[in-house]
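Structural overview for review
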Amino acid sequence: MTSSNISPPQVAFTSDQLAGLITRLQALGLYNSASDTVVIPKDMAASSGLFASIYSYIYSIIQNNPHVSAETKYWFSQAPAINRDDTSTAVDNFIRGTTEYGLLYGGKLSGQSQQAINSGLQRTSNLIGLNVVNSILQAGTKTADGLNSGGIPTFANMLSGDIGAAIGTQAPLDYQQTLGGWANARAN
Amino acid sequence: MLYDFGYGAILRVPKILFPDSAIPKDPNEALHFDRLSLVFEYPEMVQTTYPSLLDLVMQRDSGHYVPTPDRFAVLIPWLFYFHGEFGDTSVEYANKGPDWRPQRMFLDLEARVRYQAKLHHIPDAKVTLIDSRNEGLREVHAPVTDKAYHDRLVKKGEENGYDYDSIQTIYVERAVSPYELYMICQNPDVSASMECKAYVYMKSNHFQYRMIFPSEAVAHTDSLVRTINTMVDGWLQK
């Protein structure tokens, strides 16, 4: 059990920004209009960079907004490279390498092919993207139409909410990530 | 130990759930936070751990995932007291108060459907509710407003061997219920995800929470929520 204090969204989206986000999700086939949520059909589960363009769009919205925290901006600035496994970037190599090393160090990847490990990391990264963008669609303030405006949750809320669920708690399962192995989830 | 959520809402929660360093020496001294999180196993309601996505994904991919529909871990990332004034969902209050979503999510969906219907010139589009085979729950069926987009996804699903329309199911509580609930359960045969995620508001004690558990356990939702409700009622200091 943990405790913390709730804080409101750092910034709400304008209707144009929200429409831009939904349009981009639709173009990728990730938006479910009947539920106003992001979904990932199973054939797209391990697609590399599924959320990269979405993260970049969100970063373009918040990068110059003084009301968005530095850590949130940093997260969205680095997330595209990690989600598309851009090995030319130091952050992707660090995050995925640290996560894999954490698992290897604990002897939890024995018998897994490198392809299976890479696929598992990519699927996890995409599911974190799903949680992040859904939390953005559900955040924000109420508009005149009764809709959520969408918005950027506080960084603490991002980690303690559904994204935290992606990390899991210290479960005694074969692939449970060690403290070192939490890196990928924390950063993407 | 006492846990003070503000607004006079105080729970006496088992101190075994906290690390020693967090427990006040004085038993009459309360911790002051506006939310807490917990993980437990249903139906025993004992502390447990919640598996990470990477665990679940790699177990699933390797064919080692064992569904546990009758005994499963439940994660509550946040639980907080919903003070009546948060019922004001004006922009001004939305920016001030804690998250007010549990009571509003279903209304949000209706508003979204109306908005989408208006955009696509579909008159009288509305959400319909159908009693679920799962006790205590109704299924929410929202109309297709963007037909071309929807048809594209359905066709792509057919080409890849799955029914896109069954990718997830939305649930709300029955008409007479001690709680309000808005829950989306992913179908692991179609979706990359495999969890149910719910917003719940308990009418008797006015606490609300986010709840996450495996999709295969959806049949236990009503019992699970009632059990949590009873647990929180038992912790509540009058």
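Our subject is the structure that appears above.
Residues numbered from 1 in each chain as written. Chains lettered and ligands numbered in written order. Predicted model: local features only at pLDDT ≥ 70, side-chain atom pairs only at ≥ 80, totals over all residues.

Some words on the overall build of chain B
Stated formally: Helical segments are the DSSP runs of H or I of at least four residues, strand segments are the runs of E of at least two, and each set is numbered from the N terminus. Counts of 20 or more other C-beta atoms within 10 Å of a residue's own C-beta define buried residues, counts of 12 or fewer define exposed ones, and intermediate counts define partly exposed ones; C-beta atoms are placed from the backbone. Each residue is represented by a C-beta atom placed from its backbone, and any two residues with such atoms within 7 Å are regarded as in contact.
Along the backbone of chain B there are five helices and 12 strands. Residues classed as buried in chain B amount to 40% of the 238 residues present. The contacts in chain B between residues at least 6 apart in sequence include a share of 58% that link residues at least 24 apart.

A look at unusual backbone geometry
Residue and element names in this part refer to chain B. Cis geometry marks the peptide bond from Tyr42 to Pro43, where omega comes out at 5°. Position of Pro43 relative to the elements: it lies in the loop between β4 (35-42) and β5 (46-47). Here Tyr7, not a glycine, exhibits a phi torsion of approximately 55°, which is positive. Tracing the chain through its elements places Tyr7 in the loop between β1 (2-4) and β2 (10-12). Backbone geometry places His206, a non-glycine residue, at a positive phi of 65°. Following the sequence through the fold, His206 ends up in the loop between β11 (195-202) and β12 (207-214). Taking the number of C-beta atoms within 10 Å as the measure of exposure, His206 has 18 and is therefore partly exposed.

Some remarks on the pairing of strand β6 (residues 72-81) of chain B
All names here are of chain B. Filter applied, for reference: At least two bridges found by DSSP between two strands are what make those strands a pair.
Most of β6 is tucked away, with nine of its 10 residues classed as buried. Here β4 runs beside β6; their pairing, made up of six bridges, is antiparallel. Across the sheet, Glu41 pairs through a bridge with Ala73, a residue of β6. Pairing analysis gives four bridges linking β6 to β12, with the strands arranged antiparallel.

Examining the sheet that holds β2 of chain B
Strand pairs in the sheet, formed through backbone hydrogen bonds, run parallel or antiparallel to each other. Residue and element names in this part refer to chain B. In space, the three strands of this open sheet follow the order β2-β1-β3, with mixed pairing throughout. The two strands at the open ends of the sheet, each matched to only one other strand, are β2 and β3 (31-32). Summarising the sheet, β1 and β2 pair through three bridges and their orientation is antiparallel. If you follow Leu2 over to β2, its bridge partner there is Arg12.

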